[in-house]
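Structural characterization, general
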Amino acid sequence: VLQVVFRVADEQGLLLLDLKDLRAMLASVGDHAAELRAVYGNIAPATIGTIQRSLLSLEEAGAANFFAEPALQLQHLMQKDFSGRGVVSILDATTLMNNPRLYASFLLWLLAELFEQQGEVGDLPQPRLALFFDEAHLLFRDMPDALLEKIEQVVRLIRSKGVSVWFVTQNPLDIPARVLAQLGNRVQHALRAFTPADQKVVAAVAETFRANPALATKTVITELAVGEALVSMLDAQGAPVPVERVMVRPPASQLGPLAEAERARLIANCPLAANYATTIDRESAFELLQQRAATITPAAAAPRPAGGQSAGEAFLKSAVR
């Protein structure tokens, strides 16, 4: 049904720029389902209702703030400073993490856009962009199978586009095995085993590393102190090297959240702030369908002339054209 909606919108030049456009287009296609059936197949009202309820759930979670204009420009995530070093961009997910379905939808959009827009570059000395997703277990909580399959596909193929993806979570088993199998580099901090279930987790995590004869991985995981980690990276041939126990260099950045005043100052001084400061609501499917309804309704109420056509027939001809 969504494919039909997108097809009709394309053929009629109706831009789908935000959620209200999509919801208006769904309602319009549902109203004209009988006329569209001959060309596009059956469009069940129950299916339209199911999609509308899902969109409503996303909208209540704040999706309207993401799927609107101005859209996020991916090149803004790849900017460099005057010395040629990459710039760190931080997505404030404080509220977003409370809505895992919206968080996962945004992740899928971001990875899919990167995959579509970036050309094949092979194995670069350093990636064009490195994405770190903190609290990654929230991304995969109650995730639909279709969404999980898409994320697995993108994660598997996006490395050839010069994009590196990192999932950060306390327990690597929080990430589905199908996605975890596509990740090559591993940095594991301490895990504590206080219960039999915890011990099974520690054993499972230890077995995911390439064994190092000089290191008892299962024991070391529970002994790691603050600033220590078990690390396994890919070598030049793409194979994981044996796990090593290392010390992590202390961060030189601020630890802890910014004060609101400091956050506002940094945003105001950001050279990209003007690009996203004002929401844009261009004329798109929502407005055009409202205008169409206003012109069709009086005509539909009038007696149909001999040899004339109904509003539904006019809509169908427009869609087919």
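This section reports on the structure supplied with the text. Remember, it's a predicted structure, so these values are computed and weren't measured experimentally. (Residues numbered from 1 in each chain as written. Predicted model: local features only at pLDDT ≥ 70, side-chain atom pairs only at ≥ 80, totals over all residues. Heavy atoms only, no water.)

1. Observations regarding the overall build of the protein
Secondary structure assignment for the protein yields 13 helices and five strands. For 321 residues, the compact-globule estimate of 2.2 N^0.38 gives 20 Å, and the C-alpha radius of gyration of the protein, at 25 Å, exceeds that figure by more than 25%. Counting across all 321 residues of the protein, residues that qualify as buried make up 32%. Taking the intrachain contacts of the protein between residues at least 6 apart in sequence as the baseline, contacts between residues at least 24 apart amount to 67%. (Helix = DSSP H or I, 4+ residues; strand = E, 2+ residues; numbered from the N terminus. Rg over C-alpha atoms; globule rule 2.2 N^0.38 Å. Buried < 20%, exposed > 50% of the residue type's maximum accessible area, 1.4 Å probe, protein only. Contact = heavy atoms within 4.5 Å.)

2. Comments concerning the sheet that holds strand 4 (residues 228–232)
Strand order in the open sheet made by the three strands is 3-4-5, with antiparallel pairing throughout. Pairing within the sheet leaves two strands with one partner each, and these edge strands are strand 3 (186–188) and strand 5 (244–247). In this sheet, neighbouring strand axes are inclined to one another by 35° on average, regardless of whether the strands run parallel or antiparallel. Relative to strand 4, strand 3 runs antiparallel, the two being bridged by three bridges. From the neighbouring strand, Gln-188 faces strand 4, where its bridge partner is Leu-230. (Pairing = 2+ DSSP bridges. Axes fitted to C-alpha atoms, helices over the stretch in contact; angles between N-to-C directions.)

3. What to know about the environment of Ala-68
Examined against the element boundaries, Ala-68 turns out to sit in the loop between helix 4 (45–60) and helix 5 (100–117). What makes Ala-68 buried here is its relative accessible area of 17%. Ala-68 sits 52 residues away from Leu-16 along the chain, and the two C-alpha atoms are 9.5 Å apart. Contact partners of Ala-68, with chain neighbours within four places excluded, come to Leu-17 and Asp-18.

4. Remarks on the packing of helix 1 (residues 2–11) against helix 2 (residues 19–31)
One way to put it is that helix 1 packs onto helix 2 with a least axis distance of 10 Å and a crossing angle of 100°. The orientation of helix 1 with respect to helix 2, classified from their angle, is roughly perpendicular. Contacts between helix 1 and helix 2 pair Leu-2, Val-4, Val-5, Phe-6, Val-8 and Ala-9 from the former with Leu-22, Met-25, Leu-26 and Val-29 from the latter. Split by residue class, the contact of helix 1 with helix 2 holds 10 nonpolar, no polar and no charged. (Parallel < 35°, antiparallel > 145°, perpendicular 65-115°, else oblique. Nonpolar A, V, L, I, M, F, W, Y, C, P; charged D, E, K, R; others polar.)

5. Let's talk about the pairing of strand 2 (residues 163–167)
Judged by how many residues are buried, strand 2 sits mostly within the fold: four of five residues are covered. Sheet analysis places strand 1 (residues 129–133) next to strand 2, joined by five bridges and oriented parallel. Following the sheet pairing, Leu-129 is matched in strand 2 by Val-163. The parallel pair strand 1 and strand 2, bridged by helix 6 (residues 145–157), forms a crossover whose chirality is right-handed. (Right-handed = clockwise from strand over helix to strand, strands pointing away.)

6. Focus on the nonpolar core
Judged by nonpolar contacts, the single largest core of 55 residues is most densely connected at Phe-133, Phe-140 and Phe-167. The biggest single contributor to this core is helix 5, with nine residues. For Phe-167, the contacting residues outside a window of four places in its chain are Leu-107, Phe-133, Ala-136, Leu-139, Phe-140, Val-155, Ile-175, Val-179 and Leu-183. Grouped together as the second largest cluster of nonpolar side chains are 11 residues, Val-205, Phe-209, Ile-221 and Leu-230 included. (Core = buried A, V, L, I, M, F, W, Y, C linked by side-chain atoms within 4.5 Å.)

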